[in-house]
Amino acid sequence: MTRIQLACYALLASALVLTGLLIVQGRSVMPEANAALVIAEPGFSFMTAETRREEEALFVIVNDKMMIYTTSLTGSRGRLELVSATDLTRLFSGTDAGGGATGGGRTPR
């Protein structure tokens with residue numbers, strides 16, 4: 001067996017080991033979206049989700065309007081800040097691609 005053949009077999013073996021690790025731990029590598037709490041009733045829906053590290057968002061849909069509020073899990077905990085308010089009818093009808101956002105938007109971090 002030559003050095004080149006030995007190197008090829010070593011590369012093939014390491015590729016198989018890495019493939020096996022990806023398959024076994026594939027669940028932890030793939031990003032997940034988990035809603036912590038969803039309340040849905042006729043006419044309104046509430047959903048909370050972690051949007052950033054140490055930050056959660058509350059998504060409120062009432063009739064055809066969606067409001068997004070954020071709160072920090074540290075520091076000013078308990079204070080809700082309006083990030084966006086959107087008319088879903090206009091957003092999905094294509095007449096207003098911007099969605100009519102209000103609330104000043106999100107500040108860069």
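All values reported here derive from a predicted model rather than from experimental measurement.

Student: Sorry, what's going on with the overall build of the protein here?
Tutor: Secondary structure assignment for the protein yields three helices and five strands. The N-to-C order of helical and strand elements in the protein reads α-α-β-β-β-β-β-α. Classification of the 109 residues of the protein by burial places 17% in the buried group. Counted over contacts in the protein with a minimum sequence separation of 6, partners at least 24 positions apart contribute 9%. A total accessible area of about 8600 Å² is found for the protein, and carbon and sulfur atoms account for 63% of it.

Student: Honestly, the packing of aromatic side chains in this entry has me stumped. Any pointers?
Tutor: In this description, an aromatic ring pair is defined by two values, namely the gap between the centres and the angle between the planes. Counted by the stated rule, this structure contains one aromatic pair. Aromatic pair F44 and F46: ring centres 5.4 Å apart, planes at 55 degrees, arrangement tilted. Using a relative accessible area of 31% as the deciding quantity, one classes F44 as partly exposed.

Student: I'm lost on a nonpolar patch on the surface in this one. Help?
Tutor: Taken together, M1, L6, Y9, L12 and L16 make up a surface patch of nonpolar side chains, about 620 Å² in accessible area. Relative to the helices and strands, L12 resides in helix α1 (residues 3-24).

Student: When you look at the pairing of strand β2 (residues 44-52) in this model, what are you seeing that I'm missing?
Tutor: When a strand is regular, its side chains alternate between the sheet's two faces. Looking at chain direction, β2 and strand β3 (residues 55-62) are connected through eight bridges and run antiparallel. Note that in β3 the partner of F46 across the bridge is V60. The turn joining β2 and β3, which pair antiparallel and follow one another in sequence, is formed by two residues; a positive phi near 65 degrees is taken by E54.

Student: Is there a simple way to think about α1 in this case?
Tutor: An α-helical turn contains 3.6 residues, so a residue and the one three or four places further along point in the same direction. Its 22 residues give α1 an end-to-end C-alpha distance of 32 Å, which sits within 8% of 32 Å, the value for a rise of 1.5 Å per residue. Counting buried positions along α1 yields zero of 22 residues, so the element is predominantly exposed.

Criteria and thresholds
Residues numbered from 1 in each chain as written. Predicted model: local features only at pLDDT ≥ 70, side-chain atom pairs only at ≥ 80, totals over all residues. Heavy atoms only, no water. Helix = DSSP H or I, 4+ residues; strand = E, 2+ residues; numbered from the N terminus. Buried < 20%, exposed > 50% of the residue type's maximum accessible area, 1.4 Å probe, protein only. Contact = heavy atoms within 4.5 Å. Areas by Shrake-Rupley, 256 points an atom, 1.4 Å probe, with all protein chains shown as cover. Phe/Tyr/Trp six-rings, centres within 6.5 Å; stacked < 30°, edge-to-face > 60°. Patch = residues over 30% accessible without salt bridge, like charges linked within 9 Å, V, L, I, M, F, W, Y side chains within 5 Å. Salt bridge = Lys/Arg side-chain N within 4 Å of Asp/Glu carboxyl O. Pairing = 2+ DSSP bridges. Expected span 1.5 Å × (residues − 1).

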